[in-house]
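# Overview (structure and organization)
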Amino acid sequence: MKSRDLQLGTLRINPTTGALNDKDGQPLGLRNKSKAVLTFLLERPNRTVAKTEILDAVWTDVLASDESLVQCIADIRRLLGPDARRILETIPREGYRLNLPPVAPTPAPRPWRGAAILAVSAVAAAGLFGIAVSLGLFSPASWPGPVSHVGSNAGSAPVISSAPPGTQSTEAYLEVLQGRVSASRYGRDESLAAERHFRRAIALDPNYARAHAELGTVLAVRFENDWNVLDDADRDKALFYAERALELDPDLWLAHYALGRLHSLLEDFETAEAHLNTAMSLQPENEDARAYLAVVQIFRGQPEAAIEILEAVIPAHPDPPFWYHFSLGHALYNAGRYEEAEGPLLACLEEAGTSPYCLRYLIATYGQLDRPGQAMEARRAYAALGLESGIGPMLSLVQFHHPEDLARLRDGLRRAGVPE
């Protein structure tokens, strides 16, 4: 190895040329954005770099998602070998740290930092495109055709010379983006709005697999939250759309993810796990399928297995969604680890202050920890949501518990002073 090369795990980097090689000197490939992320971190060795700082620097002319950055980090770690997570460290809720030897190399030039792809077409599409990226619906590197900017102003809207991914209909694609915006907001009305957008996308392009999968997923979430009008009808609709998505695109990870959630709600846990494992293999850098696999373990009465999964998943995600934290708090509570459950449940409420799930288990946790003042405060917050706060109504909203888990929750609520 030439003396000027930097060794990081099993990866060799030439700081002059930017060339990447394995331990045997064989050249390695890395996507341009992933290489740009690596170079940016090389310039800032041995310190925590905020994810927003990386996103702003590498995706200079497009709104990028956390998922885009996570995919780049995963690309880099695949080249680093067994010590990847030690070398390229995730700092939970902050960013990443590249741990280098004492002498850092001179960073390589970055010819790969080119203009990224932006929006779909037309003025109204420009804003939604940023949403597309931020929601993980679109990866700039995956767009099949070229784009060009109108005018010389860097902020001008781009024009797309080919169809958006997965459909020939730009209008259908925009409906999916709008549906994702609605679906990302927690609530029954938002769920209904998302359904309308996804249905319009399907009407515009009946073969749009992503639209079917999104609709199946939003119906599954509605089923989980008891926002249904007709349980059997919503269940059948959700299965229909998720299965149709799979027919249209057998390799669409979201279709398998939707079916994994749905089959878990039908208590067909083996089928649920099979779909979630397939989703993970198709989209290994999206942590949702892995996190939901932990939820299935909770449903199966295996909280320790769920804890093991979630304690690996949450630190790997730059900004874990609220349900990751709730799932960990839920599993810790079911395992009788009440002191540890409090932190994830509070983290859940920091991101979703009106989540009844988090509040119910926080009330029970404070009951088990004999903290009546904090239990009363959590009870007041729960009552403010307009929900019945007796033990019976609370337990009626809890799905798929083994008898001992249900008994443990009842006991915690009783200790917290919740009336029968």
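Rules of the game
- Residues numbered from 1 in each chain as written.
- Predicted model: local features only at pLDDT ≥ 70, side-chain atom pairs only at ≥ 80, totals over all residues.
- Heavy atoms only, no water.
- Axes fitted to C-alpha atoms, helices over the stretch in contact; angles between N-to-C directions.
- Helix = DSSP H or I, 4+ residues; strand = E, 2+ residues; numbered from the N terminus.
- Parallel < 35°, antiparallel > 145°, perpendicular 65-115°, else oblique.
- Contact = heavy atoms within 4.5 Å.
- Nonpolar A, V, L, I, M, F, W, Y, C, P; charged D, E, K, R; others polar.
- Left-handed = near helix turned anticlockwise from the far one by under 90°.
- Buried < 20%, exposed > 50% of the residue type's maximum accessible area, 1.4 Å probe, protein only.
- Disulfide = S-S within 2.5 Å.
- Pairing = 2+ DSSP bridges.
- Phe/Tyr/Trp six-rings, centres within 6.5 Å; stacked < 30°, edge-to-face > 60°.
- Lys NZ or Arg CZ within 6 Å of the ring centre and 35° of its normal.
- Core = buried A, V, L, I, M, F, W, Y, C linked by side-chain atoms within 4.5 Å.
- pLDDT = per-residue confidence, 0-100.
- Salt bridge = Lys/Arg side-chain N within 4 Å of Asp/Glu carboxyl O.

### Some thoughts on the packing of helix α10 (residues 253-265) against helix α12 (residues 288-299)
- For the pair α10 and α12, interaxial distance at closest approach is 11 Å and the crossing angle is 10°. In terms of orientation, α10 lies roughly parallel with respect to α12. When α10 is examined against α12, the residues Tyr257, Gly260, Arg261, Ser264 and Leu265 are found in contact with a partner set consisting of Asp288, Ala289, Tyr292, Val296 and Phe299.
- Its residues placed into classes, the contact of α10 with α12 shows 6 nonpolar, 2 polar and 2 charged.

### With respect to the packing of helix α14 (residues 322-334) against helix α16 (residues 356-368)
- Where α14 contacts α16, the axes come no closer than 10 Å and their chain directions differ by 35°. Crossing geometry of α14 relative to α16 is assigned as left-handed. Contacts between α14 and α16 involve Phe326, His330, Tyr333 and Asn334 from the former and Tyr357, Cys358, Tyr361, Ala364, Thr365 and Gln368 from the latter.
- Looking at the contact of α14 with α16, its residues break down into 6 nonpolar, 4 polar and no charged.

### Some details on the environment of tyrosine 241
- Structurally, tyrosine 241 can be placed in helix α9 (residues 231-248).
- Since its relative accessible area comes to 13%, tyrosine 241 is described here as buried.
- In the structure, tyrosine 241 is positioned 18 residues away from leucine 259 in sequence and 9.5 Å away in space, judged by C-alpha atoms.
- Contact partners of tyrosine 241, with chain neighbours within four places excluded, come to Arg199, Ile202, His212, Ala213, Leu215, Gly216 and Leu219.

### Quick word on the state of the cysteines
- Summed over the entire model, instances satisfying the criterion amount to 1 disulfide.
- Paired by a disulfide, cysteine 348 and cysteine 358 hold their sulfur atoms 1.7 Å apart. Taking the torsion about the S-S bond as the criterion, the cysteine 348 to cysteine 358 disulfide, at about 50°, is right-handed. Of this pair, cysteine 348 sits in helix α15 (residues 338-351) while cysteine 358 sits in helix α16, and the two are 10 residues apart along the sequence. Across the pair, exposure class does not vary: cysteine 348 and cysteine 358 are buried alike.

### Section: the pairing of strand β6 (residues 95-98)
- Bridge count between strand β4 (residues 48-50) and β6: 3 bridges; the pairing is antiparallel. Bridged to valine 49 within β6 is tyrosine 96.
- In this antiparallel pair of consecutive strands, strand β5 (residues 88-91) and β6, the connection spans 3 residues, and arginine 93 shows a positive phi of 65°.

### What about the packing of aromatic side chains?
- If you walk through the whole model with that rule in mind, you get 10 aromatic pairs.
- Measuring from centroid to centroid gives 4.8 Å for tryptophan 323 and tyrosine 324, while their planes differ by 75°, and the two rings are edge-to-face.
- The exposure class assigned to tyrosine 324 is buried, which follows from its relative accessible area of 0%.
- Through a chain of ring-to-ring contacts, the aromatic side chains of Trp253, Tyr257, Tyr292, Trp323 and Tyr324 assemble into a single cluster.
- Between arginine 44 and the ring centre of phenylalanine 40, over which it is positioned, the NZ or CZ distance is 3.6 Å.

### Side note on the sheet that holds strand β3 (residues 20-21)
- If you trace the 3 strands from one edge of the open sheet to the other, you get β1-β2-β3, paired in antiparallel fashion. With one partner strand each, in any of the chains shown, β1 (6-8) and β3 form the two edges of the open sheet.
- Contacts from helix α1 (residues 32-42) reach β1, β2 (11-13) and β3 within the one sheet, and its direction differs from that of β2 by about 75°.

### Regarding the nonpolar core
- Membership of the largest hydrophobic core comes to 86 residues, with the highest contact counts inside it found for Tyr257, Tyr292, Trp323, Ile363, Leu409 and Leu413.
- Contact partners of tyrosine 292, with chain neighbours within four places excluded, come to Glu224, Tyr257, Gly260, Arg261, Ser264, Leu265, Leu276, Phe299 and Trp323.
- Grouped together as the second largest cluster of nonpolar side chains are 31 residues, Val37, Phe40, Ile73 and Leu88 included.

### Here we look at the side chain of histidine 325
- Along the polypeptide, histidine 325 turns up in helix α14.
- With relative accessibility at 7%, the residue histidine 325 sits in the buried group.
- Apart from the residues within four sequence positions on either side, histidine 325 is in contact with Arg93, Ile314, Pro320, Pro344, Leu345, Ala347, Cys348 and Glu351.

### Notes on the pairing of β5
- Here β5 runs beside β6; their pairing, made up of 4 bridges, is antiparallel. Within β6, the position partnered with glutamate 89 by the bridge is arginine 97.

### Here we look at the confidence of the model for the chain
- Per-residue pLDDT for the chain has a mean of 78; in total, 78% of the residues score no lower than 70.
- For residues 103-162, every residue scores under 50 in pLDDT, and the model assigns this stretch 122 contacts once sequence neighbours within four places are set aside.

### Description of the pattern of salt bridges
- Scanning all chains against the criterion turns up 20 salt bridges.
- Of the charged contacts, one joins glutamate 175 and arginine 200 as a salt bridge, the two residues approaching to 3.4 Å between their closest N and O atoms. Within this pair, whereas glutamate 175 is found in helix α6 (residues 170-183), its partner arginine 200 is found in helix α7 (residues 188-204), the two being separated by 25 residues in sequence.
- The buried category is assigned to glutamate 175, whose relative accessible area is 14%.
- For arginine 200, a relative accessible area of 39% puts it in the partly exposed group.
- Linking arginine 210 and glutamate 214 is a salt bridge whose minimum nitrogen-to-oxygen distance equals 3.0 Å. One end of the pair, arginine 210, and the other, glutamate 214, are both in helix α8 (residues 209-224), 4 residues apart, so they sit about a helical turn from each other.
- Here the salt bridges share partners, and the residues they tie into one network are Glu43, Arg44, Arg47 and Glu53.

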